Amino acid sequence: MRPRLNLILLGVADVAKSTAFYEALGWQKAATSHSKFVKFDLGGVVLALQSRSAFAADCGLPDSNYRGFAGFALAYIARSANEVPQVLAAAAQLGAEIVKPATPNAWGIAGYFRDPDGHLFEVCYEDGWIFAEDGHLRV
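Residues numbered from 1 in each chain as written. Predicted model: local features only at pLDDT ≥ 70, side-chain atom pairs only at ≥ 80, totals over all residues. Heavy atoms only, no water.

1. Focus on the pattern of salt bridges
Stage number 1. Taken as a whole and judged by the stated rule, the model has 2 salt bridges.
Stage number 2. In this structure, Asp 63 engages Arg 52 in a salt bridge whose closest nitrogen and oxygen atoms are separated by 2.6 Å. One end of the pair, Asp 63, is in the loop between α2 (52-59) and β4 (74-77); the other, Arg 52, is in helix α2, with 11 residues separating them in the sequence.
Stage number 3. Residue Glu 97 pairs with Arg 114 through a salt bridge whose shortest N-O separation is 3.6 Å. With Glu 97 in strand β5 (residues 97-104) and Arg 114 in strand β6 (residues 108-114), the pair connects residues that are 17 residues apart, well separated along the chain. (Salt bridge = Lys/Arg side-chain N within 4 Å of Asp/Glu carboxyl O. Helix = DSSP H or I, 4+ residues; strand = E, 2+ residues; numbered from the N terminus.)

In structure tokens, the structure reads:
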């Protein structure tokens, strides 16, 4: 298996509502999307939205509607410390729950929000992250 993620699939309660949330954050829906499976190009990785029930059925598991800590978060690395509270505020205005406000830490500043379906996102800024000219993160 190549060391690469191609698709991040999120199960959501209402595909149209979740699509509107991400579009309002400034993400552009792919033209190949349809009402039951919406895709966003994140620069080489695709974020896809599908109903929780369809996703659960596809993998053969019951839908537990779990909203606690799942040990998993998507992360957005900001280009400046000032961008962290701005992104959190924008997400909150769109209906996201701020789990942790922008808080200084040993590496920079970070905060967390949950999207309307409870998916956890970290928004952080740290001096150590380096971006290539094409916007991809260098490890």
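Back to the write-up after that little detour.
2. Topic: the layout of surface pockets
Stage number 1. One number sums up the size of the largest pocket: a volume of about 1000 Å³.
Stage number 2. Lining the largest pocket are 25 residues; nearest its centre among them are Leu 42, Val 45, Ala 75, Tyr 76 and Ile 77.
Stage number 3. By residue number, the principal contributor to the lining of the largest pocket is β4, which donates 4 residues.
Stage number 4. Taken together, the residues that form the lining of the largest pocket break down as 19 nonpolar, 4 polar and 2 charged.
Stage number 5. Taken together, 26 residues make up the lining of the second largest pocket; nearest its centre are Gly 11, Arg 52, Tyr 66, Ala 70 and His 119.
Stage number 6. Looking at the lining of the second largest pocket, the elements with two or more residues in it are β1 (7-12) and α2.
Stage number 7. Here the lining of the second largest pocket gets 4 residues from one element, more than from any other, and that element is α2.
Stage number 8. Looking at the lining of the second largest pocket residue by residue, the classes come out as 15 nonpolar, 6 polar and 5 charged. (1 Å grid on protein atoms, 1.4 Å probe; cavity = no way out; pocket = protein on both sides within 12 Å on 5 of 7 lines; lining within 4 Å. Points joined across faces, edges and corners; volume = space filled by probe spheres on them. Nonpolar A, V, L, I, M, F, W, Y, C, P; charged D, E, K, R; others polar.)

Everything listed here is a matter of geometry and, on its own, says nothing about what the molecule does.
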